[in-house]
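Fold and geometry: a report
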Amino acid sequence: MTASSASGMSIESEDLMIRSKRHIMDTYRRYPLVLSRGQGARVWDVDGKEYIDFIAGIAVCSLGHCHPQVVAAIKNQADRLMHVSNLFYTAPQIRLAEMLVERSFAKKVFFCNSGAEANEGAIKLARRYAHDRYGGARYEIITLEQSFHGRTLATVTATAQAKYHKGFDPLPGGFRYAPFDDLEGLRRSVSEKTCAVLVEPIQGEGGVRVPAEGYLKGLREICDEHGLLLIFDEVQTGVGRTGTLFAYEQSGIAPDIMTLAK
């Protein structure tokens, strides 16, 4: 039998939450649950209470918790080799790069640590491409209202939601915002400084907003017309989460750069 505190929580749960608030920065508004294990779409807290997990680690656990093949792959690699950095070649990294290239539009892959860092890499790549091709005058990247691209200083600026910008001024320059699912609005935002358009094929944090049919194809046409790179942020839509391996496959076009994570 689990002992309960005056709040109705178990003493263990309450103690863990108190210790969390004491030692971990309060950057997220957490639910009053201390989860301890999961299986498939279900999770259990430290008191043994069962829940259905509709969040899945914010789109991370697309195969559910503790899928046996995923667990076996992790255990197998941990038994063989943990980490060697990019100073050496490793067969699993090479095989994964080959698989991604074979199954997408891409010719090469850049591996990094998170979705935000992937988007940072895409921003840098777009700017470097424009610098090498056009000189230093074209550096702005257009992003869409209600987008979400990460929590680093550059990607939070790329995120066209004012609530994420509050308290971080001055924000880096080089970003311009246009309305989502509005081709004419985006066309009006293009200037002689624009080098790329960064878009989620389906907006996630903005409210699961699906653009009208033909919108992504229209973006491709505008980018081609003006010599811009088209970047798809597929951190929350890629790797099978929309029914195809990548969401762009359903649009009939391909981006120039795609970011993946989770």
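Structure: above.
Residues numbered from 1 in each chain as written. Predicted model: local features only at pLDDT ≥ 70, side-chain atom pairs only at ≥ 80, totals over all residues. Heavy atoms only, no water.

Okay, the overall build of the protein next. Of the regular secondary structure elements, the protein holds 9 helices and 8 strands. C-alpha extents for the protein along the principal axes are approximately 70 × 45 × 35 Å. In the protein, which comprises 262 residues, the share counted as buried stands at 34%. Taking as baseline every contact in the protein between residues at least 6 positions apart, the subset at least 24 positions apart corresponds to 59%. Accessible surface, the protein: about 16600 Å² in total, of which carbon and sulfur atoms supply 55%. Counting 31 positive and 31 negative side-chain charges, the protein places the averaged centre of each group 3 Å from the other. (Helix = DSSP H or I, 4+ residues; strand = E, 2+ residues; numbered from the N terminus. Buried < 20%, exposed > 50% of the residue type's maximum accessible area, 1.4 Å probe, protein only. Contact = heavy atoms within 4.5 Å. Areas by Shrake-Rupley, 256 points an atom, 1.4 Å probe, with all protein chains shown as cover. Lys, Arg positive; Asp, Glu negative; His and termini not counted. Charge placed at Lys NZ, Arg CZ, Asp CG, Glu CD.)

The omega angle of the peptide bond from Asp169 to Pro170 is -5°, so this bond is cis rather than trans. Look at Gln146: it is not a glycine, yet its phi comes out positive at around 75°. Given a relative accessible area of 33%, Gln146 falls into the partly exposed group. In this model, Val239 sits at a positive phi of 60°, which is unusual for a non-glycine residue. Residue placement: Val239 occurs in the loop between strand S7 (229-233) and strand S8 (257-259).

Attention now moves to the nonpolar core. Leu144, Leu186, Val197, Val199, Leu219, Leu230 and Phe232 are the most contacted members of the largest nonpolar core, which totals 20 residues. Every element with two or more residues in this core is listed here: strand S4 (140-144), strand S6 (194-199), helix H9 (215-226) and S7. In terms of residue count, the dominant contributor to this core is H9 (5 residues). Residues in contact with Phe232, not counting those within four places in the same chain, are Val199, Pro201, Leu216, Tyr248, Ile253, Pro255, Ile257, Met258 and Thr259. Ala130, Ala158, Ala196 and Ile257 belong to the second-largest nonpolar core, a separate cluster that totals 13 residues. (Core = buried A, V, L, I, M, F, W, Y, C linked by side-chain atoms within 4.5 Å.)

The 5 strands lie next to each other as S5-S4-S6-S7-S8, forming an open sheet whose pairing is parallel. A single partner strand is all that each edge strand has here, and the edge strands are strand S5 (175-178) and S8. Taken over all neighbouring pairs, the strand axes of this sheet differ in orientation by 25° on average, direction set aside. Two elements, S6 and S7, share 4 bridges in a ladder whose sense is parallel. (Pairing = 2+ DSSP bridges. Axes fitted to C-alpha atoms, helices over the stretch in contact; angles between N-to-C directions.)

On to the packing of aromatic side chains, then. A complete count under the given rule lists 4 aromatic pairs for this structure. Pairing Phe105 with Tyr248 gives two aromatic rings, centres 5.4 Å apart and planes at 85°, and the pair type is edge-to-face. Of this pair, Phe105 sits in the loop between helix H4 (91-102) and helix H5 (115-134) while Tyr248 sits in the loop between S7 and S8, and the two are 143 residues apart along the sequence. The class of Phe105 is partly exposed, set by a relative accessible area of 27%. Members of the aromatic cluster, each reached through a chain of ring pairs, are Phe105, Phe246 and Tyr248. The ring centre of Trp44 lies 4.0 Å from the NZ or CZ of Arg37, which sits over that ring. (Phe/Tyr/Trp six-rings, centres within 6.5 Å; stacked < 30°, edge-to-face > 60°. Lys NZ or Arg CZ within 6 Å of the ring centre and 35° of its normal.)

Position of Glu200 among the secondary structure elements: in the loop between S6 and H9. Buried charged residue Glu200 carries no salt bridge. Nearest counter-charge: Arg209, at 8.1 Å. Looking at Glu200, its side chain comes within polar contact range of the main-chain nitrogen of Phe148, at 3.1 Å. Apart from the residues within four sequence positions on either side, Glu200 is in contact with Ser147, Phe148, His149, Phe180 and Asp233. (Salt bridge = Lys/Arg side-chain N within 4 Å of Asp/Glu carboxyl O. Polar contact = N/O pair within 3.5 Å; in protein donor to acceptor, adjacent residues only side chain to side chain.)

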